[in-house]
Amino acid sequence: MKTSRHKKVRKNLGFYINNYKFRQPFQVLIDGTFAFAALQNKFNIQEQLTKYFKCEVKLLTTPCIISETEKLGIFSSAVSGAMQIVKQYAVHRCEHTRKPISGSKCLRSMIGENNNSRYIVATQDRELQEELRIIPGVPVLYLHGKVPTLESPSEASRRHAETLQKQLGMTTWEKETVKELRKHAGMTEENVQLKKRKKKGGPNPLSCLKKKKPQATASNQTATKSGKVRKKKKIKIASHVKEALITELKNKREASSNA
């Protein structure tokens, strides 16, 4: 179960990293309800969330949340324990220092319309969770018993991510600024030359040609057509005829020499 849970966390975090530019260390806004649930379940927030996300996390709270837990801690010892937990974290300034408001409203104002500061909100407040699901790019974290759970991206976050992917082309202003930066850096189109990749040498095309068969002569062709090879016949002369021819040649030579 642990491996599947960690896979789900990496998948959900990867969605916010790729589409909404979330970066480490992740900023986690913690309210009083989450601190109270952690106290009841003996859940060490700093230690367990670092193991859960497998990276550094920066735990934050607001003055409104601290003041809210202080007021509620008067009536309950358990809430006073949650107040002590919340006071351990870095306090992020809000706009309600003079007139503190409820923790849920303060977190809602910190997120704004598009969560520019890229907060992960850790809360057990169901109403606040529903409000945050409408805003694109807001990860919601809560405790399910002793197990931290990062919600899957909401429909609003998915739809907004799809529209962002469709609008990835640079605007004219962005193109002009890129050109100016390239000019200052001396990277004009004339100076920049792309290196050509050397193609891998293949075999010699001439070596791949089929060997030509020797052309048959006319005599060979006729011989192959008939299926028989013709041989030259030798003419035989009788021995007495040879002797007669030799004596005749001798007589002619002697007659020519006497004359």
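A short tour of the structure in this document, coming up. Computed from a predicted model, the values in this text were never measured in an experiment.

1. Re empty space enclosed by the protein
It is the rolling of a water-molecule-sized probe over the atoms that shows where space remains empty.
So, step 1. Throughout the structure, instances matching the rule amount to one cavity of 30 Å³ or more.
So, step 2. The wall of the largest cavity is formed by Tyr16, Leu132, Arg133, Val138, Pro139, Val140, Glu151, Ser152, Pro153 and Ser154.
So, step 3. When its residues are assigned to classes, the lining of the largest cavity shows six nonpolar, two polar and two charged.

2. So, the nonpolar core
So, step 1. Ranked by internal contacts, the top residues of the largest apolar core, which has 48 residues, are Val28, Ile45, Leu49, Phe53, Ile120 and Leu141.
So, step 2. The leading source of residues in this core is helix H1 (residues 2-20), at five residues.
So, step 3. Aside from chain neighbours lying at most four places away, what touches Leu141 is Val28, Phe34, Leu49, Tyr52, Phe53, Ile120, Val121, Ala122, Thr123, Pro148, Thr149 and Leu150.

3. A look at the sheet that holds strand S2 (residues 57-61)
So, step 1. An order of S3-S2-S1-S4-S5-S6 is seen for the six strands of this open sheet, with the pairing classed as mixed. Either end of the sheet is taken by a strand with one partner, and the two such strands are strand S3 (90-91) and strand S6 (147-150).
So, step 2. In this structure, strand S1 (residues 26-30) lies alongside strand S4 (residues 119-122), joined through four bridges in parallel fashion. Bridge pairing links Gln27 to Tyr119 in S4.
So, step 3. Packing of helix H2 (residues 32-40) onto the sheet brings it into contact with S1, S4 and strand S5 (140-144), and relative to S5 it is tilted by some 25°.

4. Overview of the layout of surface pockets
So, step 1. In this model, the largest pocket occupies a volume close to 440 Å³.
So, step 2. Elements with a contribution of two residues or more to the lining of the largest pocket: H1 and helix H8 (155-166).
So, step 3. Counting residues per element, the lining of the largest pocket draws most heavily on H8, at four residues.
So, step 4. Of the residues belonging to the lining of the largest pocket, the class tally is six nonpolar, nine polar and two charged.
So, step 5. Roughly 220 Å³ of internal volume is contained in the second largest pocket.
So, step 6. Lining the second largest pocket are 13 residues, and of these Arg5, Phe43, Gln48, Lys146 and Pro148 lie nearest its centre.

Conventions adopted
Residues numbered from 1 in each chain as written. Predicted model: local features only at pLDDT ≥ 70, side-chain atom pairs only at ≥ 80, totals over all residues. Heavy atoms only, no water. 1 Å grid on protein atoms, 1.4 Å probe; cavity = no way out; pocket = protein on both sides within 12 Å on 5 of 7 lines; lining within 4 Å. Points joined across faces, edges and corners; volume = space filled by probe spheres on them. Nonpolar A, V, L, I, M, F, W, Y, C, P; charged D, E, K, R; others polar. Core = buried A, V, L, I, M, F, W, Y, C linked by side-chain atoms within 4.5 Å. Buried < 20%, exposed > 50% of the residue type's maximum accessible area, 1.4 Å probe, protein only. Helix = DSSP H or I, 4+ residues; strand = E, 2+ residues; numbered from the N terminus. Contact = heavy atoms within 4.5 Å. Pairing = 2+ DSSP bridges. Axes fitted to C-alpha atoms, helices over the stretch in contact; angles between N-to-C directions.

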